[in-house]
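# Coordinate inspection notes
Listed below, chain by chain, are the residues.
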Amino acid sequence: MLRTALRNVLAHKSRLLMTALAVLLGVAFVSGTLVFGDSVAGSFHNAAAKNLKGVAASVQADGASGPGGSEGKPITVLDTELARKIRALPGVASVRPTVNGTATLAAKDGSPVNADNNWQNLATNYLPGKDGKDSRFPLAAGRGPAAEGELALDTRTAEKTGYRIGDTVRFATDGPALTKKLVGTVSTDDPRVAAGGTLTLFDTPTAQKLFLQAGQFDEITVAAKTGTDERALTARVQTLLPEKGARVVSGADLAAMQSGGGAGDSGFFAKLLMVFAGIALFVGAFIIANTFTMLIAQRSREIALMRAVGASRRQVVRSVLAEAALLGLGASAAGFALGLGIAAAMRPLLNATGADLPDGPLVITSSTVVSSLAVGVLVTVLAAWLPSRKAAKIAPVEALSSVDQAPPTRALVIRNVLGTLLTGAGVLVMLHVTTLQTLSRSDLQIAMLGSGLTMSGMIVLAPLLSRPLITLAGKVTTRWFGVSGKLAKENALRNPRRTAATASALMIGLTLITALTVAGYSTQQAMDKQIAQGLTADYTVSNSFHRGGLEPGAADKVARVPGVAAAVPVTSTGFGTKSGRAVITGTDPKAFGKTAELDFRAGSLRDIGPGKIAVSDEFAQKAGLKLGATLDVGTNTGKTRTKKLTVVGIYAQTRAVQDALGTLADVFPYSGTKKLDKVLVKAGPGKDAGLERKIRAALGDSPLLKVESQEQFIKAAGGAMTTALNMMYGLLSMAVVIAVLGVVNTLAMSVFERTREIGMLRAIGLDRAGIKQMVRLESIVISLFGAVLGIGTGIFLAWAGGSLMTSSMTTYEMALPWGRLGIFLVLALAIGVLAAIWPARRAAGLNMLRSIQST
């Protein structure tokens, strides 16, 4: 039977080609993802190990730093005296006191570099040895910084910003712009820099002045003498540390922490890819099952003869499964090779989008090879299992009677009942989802269960749904294309299971694409409304530094800019209530109305003043507040300070203001940063196109400064959503490509089994063009059937699942992107036309007499 299986694979290799391609693409997706994930993780690990080469232990200040000192700089317990004590320990070869901070650069053309991720913009001290060089940062050109007015950059950063040695570099650490002269460039293996960050080096006194206090450090790295046990040395260092304020980490653990950050991001991406690889393989399973079902129907006489000469049902099943295993193994091996190419291409492709993954070789593990091959073989064998059982049940006399028999009525009834139950259960679960109001993990799991049940039910019900929908489409094809259109409809209805299986592969891809499109479009519309809701300011000025802010006088400086009608300072702070944490915003109530619109249910902006606040309706309901109620607002900074504020107004919840609104004088003293969060700017009549540049100049043009118009803010928020959707489309396109292969495969095999019928049609007068048109229309009808099911199911899932967004986005309403949905239908039409090219040419090229004589 094994020889028979091998002979059948070789004899029908042309008919199995599309199936093999489906398995190949799915396995390539899987293997490429696995190899890519292992390779990137290995690259980050190697880069971290190389960057920390020789580091046996690292002493770090807890939380990086403590409260500010007299100059407002953080204070740490790591100082020169502690470094001296550690250096005197047995086994210590050297110590390196380090100052760590962040410095966001302005490129030579003035544009901020990586300002939205300034935590990646590393800054530290350059610590030269006796030879004047720092072994941790080898010089690439020039020299290291040695004075307050000097700095050095790593080579990647210098290239990215366009600076050359001798240029004046503009940067910011937490606020105002600073300038220093570039005196050298260095190389670094720090994986954080390789992952897209920047590196700026200062001499030690300058770094301490910028980030800490004189004589203090954030970190002390320890190098061990040859033969010293790293763990034992780490333990000895621990004995010198105070009980609070510092901790020691071994070099190995530090390398793992550094490599884990970048590898974690790429690991998440690898998991996402694996999900879509699973979808592609699931779609491929339909093609495999369809192919083996058709092959078994076409080889029914051969199977009957095998049974007649003594083959048992079990042997028939084993023979079919052996064919599937051989096909899966061969396609998986080719898919694994293609996956290596995908993995190799993925790194430069992602780097081109700004990922900045470190270089490194492809890492191919034995588990990856085994997993990839096993997945391909297992999916193929499982998909062929039902067809194999069908083959085993065929009696010899029954098989000799016909090539293509309609499915038993009882089997279709059972399938329809099962499909109805699954679809009904899925719809009920999704209707329950519409009553949920949160994005909690449990609610998401319920929504995923309902979506899975609904899609499974639609797949099972597809044969039942195919008859009315294809009959309706057939009326159009018959009216427009005559006999060819009618024959196309009859061919599609001849075997509902086959048509349904072919259309279902396309349906799955379009269901997911449609659901993502509708949900994404609706979310984008809601975000646009929410961003603009209550905010009428033309510009919002803020600081991109995560712990930064704007100086208290920033609003006054902006107000003096020609073309500015109003500049309103805004700050905020959190405070505790019986109902939980809340946020109060402080501003100038008189001017605030020029940059924001609040819908007051009681009171007005004019009522807000010293000791008087307004609260949102949602917060008032949650906290049980009414007009005249008092609220204690305060903070705990060594000693608790509170202030009683009276509620004089209630407004509708809006994004412009959160839970409560008071005066700047009442809120500012309780702000943790003692800085403004932002300044809202209203431009004067005849808005000046260059006003943004003037505002930046008035505030020192710091690289950390963000001056955004409403349009820019909305576009930035929408850009993230568009990028995410485009990535999803790209990943789901693999499932659509596999579905196209399924349509091609079904049509090609259908042409083969209808060879005699096509010959008879030619004999009674249907020309080659009519044959081509018949096959093409059949392909279009099947594709449109899958598209209608997919788009309809996707819209339903997006509608039901969208209710989960209402808790975090009150403006959310489902909005249908009719233009994109129309594109999906046109895409299905194009798929039908393209998929029919080869089968139609093959059908039209058949010899009429030989076709009639075929058996």
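Overview of the structure. As the structure is a prediction and not an experimental result, all values here were calculated from the model.

Calculation notes
- Residues numbered from 1 in each chain as written.
- Predicted model: local features only at pLDDT ≥ 70, side-chain atom pairs only at ≥ 80, totals over all residues.
- Heavy atoms only, no water.
- Helix = DSSP H or I, 4+ residues; strand = E, 2+ residues; numbered from the N terminus.
- Buried < 20%, exposed > 50% of the residue type's maximum accessible area, 1.4 Å probe, protein only.
- Contact = heavy atoms within 4.5 Å.
- Areas by Shrake-Rupley, 256 points an atom, 1.4 Å probe, with all protein chains shown as cover.
- Pairing = 2+ DSSP bridges.
- Axes fitted to C-alpha atoms, helices over the stretch in contact; angles between N-to-C directions.
- Arc of directions from axis to C-beta.
- Polar contact = N/O pair within 3.5 Å; in protein donor to acceptor, adjacent residues only side chain to side chain.
- Phe/Tyr/Trp six-rings, centres within 6.5 Å; stacked < 30°, edge-to-face > 60°.
- Core = buried A, V, L, I, M, F, W, Y, C linked by side-chain atoms within 4.5 Å.
- Salt bridge = Lys/Arg side-chain N within 4 Å of Asp/Glu carboxyl O.

Below, the discussion takes up the overall build of the protein. Per the secondary structure count, the protein includes 27 helices and 24 strands. Across the 855 residues that make up the protein, the buried fraction comes to 50%. Long-range contacts, defined here as pairs at least 24 residues apart, represent 81% of the contacts in the protein between residues at least 6 apart. Here the protein displays about 38700 Å² of accessible surface, and carbon together with sulfur accounts for 60% of that area.

Within the open sheet, the 4 strands sit side by side as E3-E13-E1-E14. Their pairing is antiparallel. The sheet is open, and its two edges are formed by strand E3 (92-98) and strand E14 (246-250), each paired on a single side. In this sheet, adjacent strand axes meet at a mean angle of 20° when their direction is disregarded. In terms of strand pairing, strand E1 (residues 57-61) meets E14 through 5 bridges, oriented antiparallel. Each residue of the ladder has a partner; that of Ala61, found in E14, is Ala246. With respect to the sheet, helix H3 (residues 80-87) is in contact with E1, E3 and strand E13 (219-224), its orientation differing from that of E3 by roughly 165°.

Our next topic: helix H9 (residues 300-308). Among all positions in H9, only Ser300, Ile303, Ala304 and Met306 are buried. One side of H9 holds all its buried residues, which, seen down the axis, span an arc of 160°. Facing away from the buried side of H9 by more than 90 degrees, the exposed set consists of Leu305 and Ala308. Gly310 lies just past H9 and shows a positive phi near 120°.

Within the fold, Asp134 resides in the loop between strand E6 (121-126) and strand E7 (139-142). The class for Asp134 is buried, based on a relative accessible area of 2%. A polar side-chain atom of Asp134 sits 2.6 Å from a polar atom in the side chain of Arg96. Here Arg136 takes part through its backbone nitrogen, which lies 3.0 Å from a polar atom of the side chain of Asp134. Setting aside anything within four residues of it in sequence, one finds Asp134 in contact with Arg96, Asn125, Tyr126, Leu127 and Pro128.

Let us look at the packing of aromatic side chains. For the structure shown, the criterion picks out 5 aromatic pairs. Measuring from centroid to centroid gives 5.5 Å for Phe171 and Phe202, while their planes differ by 45°, and the two rings are tilted. One end of the pair, Phe171, is in strand E9 (residues 168-172); the other, Phe202, is in strand E11 (residues 198-203), and 31 residues separate them in sequence. In this structure Phe171 comes out as buried when scored by relative accessible area, which is 0%. Judged by relative accessible area, which is 0%, Phe202 ranks as buried. When the ring of Phe600 is compared with that of Tyr651, the centres are 5.9 Å apart and the planes differ by 65°; the resulting orientation is edge-to-face. Note that Phe600 is positioned in strand E18 (residues 600-602) and Tyr651 in strand E21 (residues 639-651), a separation of 51 residues in sequence. Given the relative accessible area of 0%, Tyr651 is considered buried. Each member of the aromatic cluster is reached from another via a ring pair, and the members are Phe171, Phe202 and Phe211.

The biggest cluster of nonpolar side chains holds 67 residues, and the ones touching the most others in it are Phe276, Val283, Ile508 and Ile738. Apart from residues lying up to four places away in sequence, Ile738 is in contact with Ala22, Leu25, Gly26, Ala280, Val283, Gly284 and Ile287.

The next subject is the pattern of salt bridges. A full pass over the atoms with the stated rule returns 14 salt bridges. Here Lys489 ties to Glu490 by a salt bridge, and the two come within 3.3 Å at their closest N and O atoms. On the basis of relative accessibility, which here comes to 37%, the residue Glu490 falls in the partly exposed class. A salt bridge links Asp701 to Arg696, with the shortest nitrogen-to-oxygen separation between them at 3.0 Å. Since its relative accessible area comes to 26%, Asp701 is described here as partly exposed. Here the salt bridges share partners, and the residues they tie into one network are Arg170, Arg696 and Asp701.

Our focus in this paragraph is the environment of Ala828. Note that Ala828 resides in helix H25 (residues 818-835). Looking at Ala828, the relative accessible area reads 1%, which means it is buried. Residues Ala828 and Val736 lie 92 residues apart in sequence; the distance between their C-alpha atoms is 9.8 Å. Residues within four places of Ala828 in sequence aside, it is in contact with Ser783, Leu784 and Ala787.

Right, let's talk about the pairing of E1 for a bit. Where burial is concerned, most of E1 is hidden: 5 out of the 5 residues are buried. Taking every second residue as pointing to the same face, both faces of E1 are buried, with Ala57, Val59 and Ala61 on one and Ser58 and Gln60 on the other. In this sheet, E13 lies alongside E1 in antiparallel orientation, the contact comprising 4 bridges. Each residue of the ladder has a partner; that of Ala57, found in E13, is Val222.

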